[in-house]
Amino acid sequence: MKITVINGQNHKGSTYNIGKMLLDNISCEKNVSEFFLPKDLNCFCAGCYTCIEDETKCPYYKEKNVILREIEQSDLLVFTTPNYCMAPSAPMKAFMDLSFTYWLSHKPRECMFNKRAVVISSTAGMGAKQAIKPVARALFYWGVPWIKSYGISVQAMNWNGVLQKKKAKIEKDMKSFAKTLSKSTTPSVSIKTKLMFIMMANMQKSNLGSSPTEKKYWEEHGWLGKERPWKRQ
Ligand SMILES: Cc1cc2nc3c(=O)[nH]c(=O)nc-3n(C[C@H](O)[C@H](O)[C@H](O)COP(=O)(O)O)c2cc1C
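Quick summary incoming for the structure in this document. (Residues numbered from 1 in each chain as written. Predicted model: local features only at pLDDT ≥ 70, side-chain atom pairs only at ≥ 80, totals over all residues. Heavy atoms only, no water.)

Another aspect to go through is empty space enclosed by the protein. Tallied over the full model, the rule gives one cavity of 30 Å³ or more. When its volume is computed, the largest cavity comes out at roughly 30 Å³. Taken together, F79, F95, M96, V135, A138, L139 and W142 make up the lining of the largest cavity. Looking at the lining of the largest cavity, the elements with two or more residues in it are α4 (90-98) and α5 (128-142). Of all the elements, α5 adds the most residues to the lining of the largest cavity, at four residues. Partitioning the lining of the largest cavity into residue classes produces seven nonpolar, no polar and no charged. (1 Å grid on protein atoms, 1.4 Å probe; cavity = no way out; pocket = protein on both sides within 12 Å on 5 of 7 lines; lining within 4 Å. Points joined across faces, edges and corners; volume = space filled by probe spheres on them. Helix = DSSP H or I, 4+ residues; strand = E, 2+ residues; numbered from the N terminus. Nonpolar A, V, L, I, M, F, W, Y, C, P; charged D, E, K, R; others polar.)

So, about unusual backbone geometry. In this structure, the amide linkage connecting L37 to the following residue, P38, adopts the cis form with an omega of 15°. Here P38 is to be found in the loop between β2 (31-36) and α2 (50-53). The phi dihedral of C85 is positive, around 55°, even though this residue is not glycine. Judged by its relative accessible area of 77%, C85 falls in the exposed class. (Buried < 20%, exposed > 50% of the residue type's maximum accessible area, 1.4 Å probe, protein only.)

Here the focus is the packing of aromatic side chains. Inspection of the entire model under this criterion finds 15 aromatic pairs. Ring geometry for Y49 against F100: centres 6.5 Å apart, planes inclined by 75°, an arrangement best described as edge-to-face. Here the residue Y49 occupies a position in the loop between β2 and α2, and F100 occupies one in the loop between α4 and β4 (116-123), the gap between them amounting to 51 residues. Geometrically, the ring pair formed by F197 and W218 is tilted, given 4.9 Å between the ring centres and 35° between the ring planes. Placement of F197 in helix α7 (residues 191-205) and of W218 in helix α8 (residues 212-220) is noted, with a sequence separation of 21 residues between them. Looking at W218, the relative accessible area reads 0%, which means it is buried. One aromatic cluster in this structure is built from F113, F197, Y217, W218, W223 and W230. Lying over the aromatic face of Y102, R109 brings its terminal NZ or CZ to 3.9 Å of the ring centre. (Phe/Tyr/Trp six-rings, centres within 6.5 Å; stacked < 30°, edge-to-face > 60°. Lys NZ or Arg CZ within 6 Å of the ring centre and 35° of its normal.)

Further remarks concern the layout of surface pockets. Here the largest pocket defines a volume of roughly 210 Å³. Taken together, 15 residues line the largest pocket, and the ones lying closest to its centre are P82, Y84, S122, A156 and M157. Looking at the lining of the largest pocket, the elements with two or more residues in it are α1 (14-25) and β4. Each residue belonging to the lining of the largest pocket can be placed in one class, and the counts come to six nonpolar, nine polar and no charged.

Here the focus is the nonpolar core. A general tendency of soluble globular proteins is for nonpolar side chains to be buried together. By size, the foremost hydrophobic cluster in this structure holds 38 residues, and its most contacted members are I71, F79, F95, L139 and W142. Among the elements of the structure, α3 (61-72), β3 (76-82), α4, β4, α5, α7 and α8 are those that each provide at least two residues to this core. When residues in this core are grouped by element, the largest group, seven residues, is from α5. In this structure, W142 is in contact with I71, L77, F79, F95, S99, Y102, W103, L104, M112 and F113, ignoring residues within four places of it in sequence. Listed in part, the 24 residues of the second largest apolar core include V5, I120, W159 and V162. (Core = buried A, V, L, I, M, F, W, Y, C linked by side-chain atoms within 4.5 Å. Contact = heavy atoms within 4.5 Å.)

Right, let's talk about the pairing of strand β5 (residues 146-153) for a bit. Both β4 and β5 contribute to a ladder of eight bridges, which runs parallel. In the strand pairing of β5, S121 is matched with G151. Handedness of the β-α-β unit built from β4, α5 and β5 comes out right-handed. (Pairing = 2+ DSSP bridges. Right-handed = clockwise from strand over helix to strand, strands pointing away.)

This is the structure we're talking about:
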């Protein structure tokens, strides 16, 4: 199983260690690529919209493409982010902005419609859900059909400060989560994703997309007709 891990932090704290526990417990043969943000992508979307016409013209194309190529080739995506002020970390948000053309409203990638994804967050007290939600939402809009999450309050500022009892609970949770992930299955695409895709196709048909280039992309894939990305897998 090809797995890409995107850590929304450079350091190996509680969030990273929870993700690592999950990975370590996945029992099938794995090929893992791992990235740390901002170390591996230290850029923010410039808002120039050059990507709408030509994604390779994004000022940060070279840097982000290294990560996006790995993602496209993966069966499973794992995103980890600490809760920072009831939201994902800023580098994780920056990554989501830099990949916005992958959204169903722009140029969705066919390969996304058979992937599974996991979003992990840790928080000191409250807010893991709020950190997870924007990441899971972006994945939904990429067309990823199977998205699960794990958020936990660790009552600590770092992994060393997490009580042994809490670590044991996390280990137990990750073992059980990993069991599901170890079975390689093709997830089915939900009605919600299908309806959203059809809405976006209608938007492109009505010339309400961001550019004629986008409409052409949809036409070339046959998506303005009967073709659907999940049917070609
Ligand atoms: C900038 C910043 C903002 C944070 N905001 C919150 C918060 O809103 N609520 C909370 O309970 N913990 C908050 N925390 C604590 C972290 O979410 C928590 O310690 C987390 O487990 C850290 O994960 P890490 O060890 O992977 O860095 C914040 C920490 C930092 C550094």
